[in-house]
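# Per-entry structural report
Next come the chains, spelled out residue by residue.
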Amino acid sequence: MIKAIFFDIDGTLVPFGTHSIPEEVKEAIAQVRANGVKVFIATGRHLKWIDNLGDTEFDGYVTVNGAICLLSDKTTTIFRRTIPMNDIDRIIAFSHRSDLPLVAIPAAGDIFINRIDDSVRHVMKLLRVAHIDVRELDTLKGRDVVQMMAFGTEEDRIKSGIFGEVLTECEPTSWNPYFCDIIPKGSDKSVGIDKMLEHFNIPLADTIAFGDGGNDVGMLRHVAIGVAMGNADPEVKQAADYITTADTDHGIINAFRHFGLL
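Residues numbered from 1 in each chain as written. Predicted model: local features only at pLDDT ≥ 70, side-chain atom pairs only at ≥ 80, totals over all residues. Heavy atoms only, no water.

### Focus: the overall build of the protein chain
Defined as follows: The secondary structure listing takes helices from DSSP runs of H or I that are at least 4 residues long and strands from runs of E that are at least 2 residues long, numbered from the N terminus. Computation of the radius of gyration draws on C-alpha atoms alone. For the globule rule, the value is 2.2 Å times the number of residues to the power 0.38. Partly exposed describes any residue whose relative accessible area lies between the buried limit of under 20% and the exposed limit of over 50%, with all areas from a 1.4 Å probe on protein chains only and scaled to the type maximum.
Across its full length, the protein chain carries eight helices and 14 strands. Against the globule reference of 18 Å for 262 residues, the protein chain gives a C-alpha radius of gyration of 18 Å, in line with a compact fold. For the C-alpha atoms alone, the extent of the protein chain along its principal axes is close to 55 × 35 × 30 Å. Going through the 262 residues of the protein chain one by one, you find that 54% of them count as buried.

The structure is reproduced here in structure tokens:
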């Protein structure tokens, strides 16, 4: 019996280019919640960057790839994990000798970037981020940071030595070729899911999750039933128990019907 559903946002719950949840999905979520199923968000976005869910109600939010878990009121935090301070000190020094644009996501949510180039503009347009503050990473000194982002190609990042040499206690996770999310080692959406399940006393055996990108792989493998969208990356489909149709082709509705949720 499914008692908890976890949704990635971009490319899963919200098709790219629409910036909103399809009406049929909104109605389906309301119906399953009325039937007693808990419904959660599991996203790489910080709460400050979640602006595309409209008035759809959720029971909790696993944000910044599991680093911050909040309840439905969006203020009660039940879990938070930050990047070790040693890595913050090293990334500050690295930012002065590298051309890679770097985004900092402090726990407080005042997200900023140290420089903007064409790849950053492309992603801002894709995610419909109208504005992001630009300032040096030096302002991170001594602050709690839950996630970062590094732009450039994977080859650029490897050549820079950002992982292994600079960020020794962090690792990358990616769902877009233009950038990667930077999270503490051993931290991903599955960690946040466990914290949410613990809070609501729901067994892992009663869970299902939906995703489409590389940062969803751990989540889909972790839950009882991992569902990959038809538009998902090949590695995501390989990690899933079930592949539904695309986000623009009734993917969530079809999976709901397949598993008896509707």
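Next, the rest of the story.
### Description of the pairing of strand S12 (residues 207-211)
Convention followed: The criterion for strand pairing is that DSSP finds at least two bridges linking the strands in question. Classification remark: right-handed applies to a crossover when, strands pointing away from the viewer, the course from the first strand over the helix to the second runs clockwise.
The buried count for S12 comes to five of five residues, which makes it a mostly enclosed element. Side chains Thr 207, Ala 209 and Gly 211 project from S12 onto one buried face, and the interleaved Ile 208 and Phe 210 project onto a second face that is buried too. Here four bridges tie strand S1 (residues 4-7) to S12, and the two strands are oriented parallel to one another. Looking across to S12, one finds that Phe 7 is bridged to Phe 210. Of the pairings in the sheet, the one linking S12 to strand S13 (residues 225-228) comprises four bridges and is parallel in character. Paired with Gly 211 across the two strands is Ala 228, which belongs to S13. Between the parallel pair S12 and S13, the chain is carried across by helix H6 (residues 217-222), and the sense of this crossover is right-handed.

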